[in-house]
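Each chain, letter by letter, is given below.
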Amino acid sequence: MATNFDPKAWLPLRAVDLGVDLGKRLFDQSWVDQWTGFTTAWLDPVADFGVGTVTALMPDVLMTLLSEGILSRFGGQEANATFLGHDVTATLHTLKVRRRGAHFQTKTVVTELHWDEHRVEELTVIAHGVRLVPGMPTKLRAAQLDITGVISRAALLEWVNTWQPDWELEPAEDGLIRARHKRRRIKALVDGDITNNVLTITVHSAHWRKMRAPKRMTALQPIPLSDLPNDARIISTHRVGEYVCFAADLPGLTGSFDLAQIRSAIVAGTTLIIF
């Protein structure tokens, strides 16, 4: 059964008087100067949490420390992370955590996201059923992720080109897509839309060796997107000028992190690692 929890009432936090402005004061220089003295008070219960001997309230404390600390240190500026083997760079704007029954819900908003070599203009991720699992390392699990974002047409087509070897896609006029088959000398002008993980392609014109193909030969059946990474599902897409807005969801993810590494990264402003 869910309980109300006040982080200020937890003794190690009260001892250093972090108070309600935990995130803003957590990494003030005066507090950083006290880091050595505070380390023992902070790590003792974390160590207990790691072996599963702490009360059920401990995740509330950790989630508060992590979310407020990360937002305080990296909010409004570019942050680097390694997430499940991918290099991620983005400007962090929002990182909120709410308790929902026995688990948590998190909301993250970033802009100018670089996922490996791919760029996304804006991304919002709401994670449901988030929980911390005791252990060394600590596991972070989410039951479902709802994702909305904005990506440029050029970046999206560049990304799609890495998924398939046969076609080369590039932006064309009027929001259309120029498609060229790399071996069969087929060129086409097409448009595409994704709804509920089904890709619908409309061919406006197609040529083979400079001969125009009849429309009956260019009618394509909708294509189910059944092999996306992590069983992702694209709910919808729509174009706004040179950008594409999209909504997607993931059935769930599991990652692990080292509390000491995360703490050091927050203090030093270095790379956060989730593996």
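Here, the structure is the one placed above.
Throughout what follows, the structure given in this document is the object of discussion. On a predicted model such as this, the values are computed, not experimentally measured, just so you know.

## Some details on the overall build of the protein chain
Each helix and strand counted, the protein chain has seven helices and 16 strands in total. The 275 residues of the protein chain split such that 37% are buried. At a minimum sequence separation of 6, the contacts of the protein chain that also span at least 24 residues come to 45%. For the protein chain, the exposed area adds up to about 16,000 Å²; of that, 55% sits on carbon and sulfur atoms.

## Structural notes on the environment of H181
Inspection of the secondary structure assignment puts H181 in strand β8 (residues 177-181). Once the C-alpha coordinates of H181 and D166 are considered, the two residues, 15 residues apart in sequence, prove to be 5.8 Å apart. Not counting residues within four places of it along the chain, the set of residues in contact with H181 comprises D166, W167 and I186. For H181, the side chain forms a polar contact with the main-chain nitrogen of R183, separated by 3.2 Å.

## Digging into the nonpolar core
Ranked by internal contacts, the top residues of the largest apolar core, which has 39 residues, are I70, L113, L123, L145, F257 and L272. Non-local contacts of F257, meaning those with residues more than four positions away in its chain, are made with L66, L132, P137, T138, L140, I262, I273, I274 and F275. In this structure, L157, I177, A188 and V190 belong to the second largest nonpolar core, which totals eight residues.

## Let's talk about unusual backbone geometry
At L84, a residue that is not glycine, the phi angle is positive and equals roughly 50°. Mapped onto the elements, L84 comes out in the loop between β1 (78-83) and β2 (86-100). You can call L84 partly exposed: its relative accessible area is 32%. At E112, a position not held by glycine, the phi torsion is positive, near 50°. If you trace the backbone, E112 turns up in strand β3 (residues 103-115).

Reading the values: rules and limits
- Residues numbered from 1 in each chain as written.
- Predicted model: local features only at pLDDT ≥ 70, side-chain atom pairs only at ≥ 80, totals over all residues.
- Heavy atoms only, no water.
- Helix = DSSP H or I, 4+ residues; strand = E, 2+ residues; numbered from the N terminus.
- Buried < 20%, exposed > 50% of the residue type's maximum accessible area, 1.4 Å probe, protein only.
- Contact = heavy atoms within 4.5 Å.
- Areas by Shrake-Rupley, 256 points an atom, 1.4 Å probe, with all protein chains shown as cover.
- Polar contact = N/O pair within 3.5 Å; in protein donor to acceptor, adjacent residues only side chain to side chain.
- Core = buried A, V, L, I, M, F, W, Y, C linked by side-chain atoms within 4.5 Å.

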